Amino acid sequence: MAKIYSNKSNLSTISSSSSISSNSYMSPRREIFTLWMKSLVYHGNGCTVYDSKGQIVYRIDNYNIKRSKEVHLMDSNGRVLFSIRNRKVPVFGHWDGYKWNYEGATSKEIPWFQVKKIHNVLRGDNMNYYNVILGCNQAEANCYNIILGTTSIKIVTQAGRLVAEVKQKQATSGVLFGSDVLTLVVEPHVDHSLVMALVTVCGLIHHKI
């Protein structure tokens with residue numbers, strides 16, 4: 001099987017003193033990941049995420065189920081980081097994300113984030129827009145927006161600052177990989193696991209997970 005992970009030449013060398021913390025899942029530098037929209041379990045439905053060194057860092061194993069109402073984002077050791085549920089309600093549905101802390105899962109009654117489609121957005125760009133409410137269990141919640149295209153995802157702040165972007169992976173020769181191989185670029189000081197949870201929601205919206 002060919003290696004499909006990120007090109008190291010696109011990244012600055014990261015010393016061991018500034019390596020990503022396994023607790024925070026953040027980096028002081030822009031990070032590039034490769035997403036393969038397949039599970040390693042019998043090549044079933046799901047997603048496998050590689051870092052720039054070709055190491056698996058996140059995964060979703062959905063086995064032979066597609067359009068599942070609940071999926072679990074795990075790290076490379078199989079620890080659940082986020083559980084994501086599709087809440088179908090009359091007229092408008094939404095997606096709830098529950099963060100695990102390994103002193104036990106966070107409350108299953110109050111999600112850690114929520115994603116809702118923004119309706120009546122009059123733009124001629126064939127994009128879909130979603131609002132992300134972070135910290136639903138806090139008095140003051142932060143918000144992101146997701147701009148979702150057919151083969152692209154942008155996560156931005158309400159002020160329009162780019163947080164992360166997903167697009168079809170391209171080789172250094174300019175040749176595009178298959179539609180199930182994507183590049184994820186995450187800006188500095190952003191929680192990679194949260195970004196992956198939001199990308200997972202996008203995969204559910206497109207019925208790719």
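Summarised in this report is the structure supplied together with it. (Residues numbered from 1 in each chain as written. Predicted model: local features only at pLDDT ≥ 70, side-chain atom pairs only at ≥ 80, totals over all residues. Heavy atoms only, no water.)

1. Regarding the environment of Lys154
For the record, the criterion: The secondary structure listing takes helices from DSSP runs of H or I that are at least 4 residues long and strands from runs of E that are at least 2 residues long, numbered from the N terminus. Contact definition: two residues touch when any of their heavy atoms are within 4.5 Å.
Assignment of secondary structure puts Lys154 in strand β10 (residues 153–157). Residues Lys154 and Val185, spaced 31 residues apart in sequence, show a C-alpha to C-alpha distance of 9.8 Å. Those residues within four positions of Lys154 in sequence are excluded, and the remaining contacts are Asn145, Ile146, Ile147, Leu162, Ala164 and Glu165.

2. A few points about empty space enclosed by the protein
Formally: Buriedness of a pocket was judged along seven lines, with at least five required to meet protein on both sides within 12 Å; pockets are open sets of points on a 1 Å grid over the protein atoms alone, cavities are sets where a 1.4 Å probe fits but cannot get out, and lining residues have an atom within 4 Å of a point. Grid points are joined across faces, edges and corners, and a volume is the space filled by probe spheres set on the points. Under the convention adopted here, Pro, Cys and the residues Ala, Val, Leu, Ile, Met, Phe, Trp and Tyr are nonpolar, Asp, Glu, Lys and Arg are charged, and Gly plus all remaining residues are polar.
Under the defined criterion, the tally for this structure stands at one cavity of 30 Å³ or more. Forming the boundary of the largest cavity are 14 residues, of which Ile153, Val166, Leu182, His206 and Lys208 lie nearest the centre. With three residues, helix α1 (residues 192–205) is the largest single contributor of residues to the lining of the largest cavity. Of the residues belonging to the lining of the largest cavity, the class tally is seven nonpolar, six polar and one charged.

3. Quick look at the packing of aromatic side chains
The condition is simple: Side-chain rings of Phe, Tyr and Trp, where Trp is taken by its six-membered ring, are said to pair if the distance between their centres is within 6.5 Å; with planes under 30 degrees apart they count as stacked, over 60 as edge-to-face, and otherwise as tilted. The classification of residues rests on relative accessible area computed with a 1.4 Å probe and restricted to protein chains. Under 20% of the type maximum is buried, over 50% is exposed, and intermediate values are partly exposed. Only Lys NZ and Arg CZ are tested; either one counts as a charge over a ring when it is within 6 Å of the ring centre and within 35 degrees of the ring normal.
Under the defined criterion, the tally for this structure stands at four aromatic pairs. Ring centres of Tyr25 and Tyr58 lie 6.1 Å apart, and the angle between their planes is 40°; this geometry places the pair in the tilted category. In this pair, Tyr25 is assigned in the segment before β1 (31–36) and Tyr58 in strand β3 (residues 56–63), connecting sequence segments 33 residues apart. The pair Tyr25 / Tyr58 is uniform in exposure class, with both members buried. Among the aromatic residues, those joined into a cluster by ring pairs are Phe82, Trp112 and Phe113. The ring of Tyr98 carries the charged tip of Arg85 above its face, separated from the ring centre by 5.3 Å. One residue, Lys169, lies across the ring of Phe177, its end atom 5.8 Å from the ring centre.

Interpretation in functional terms is not warranted from these geometric data alone.
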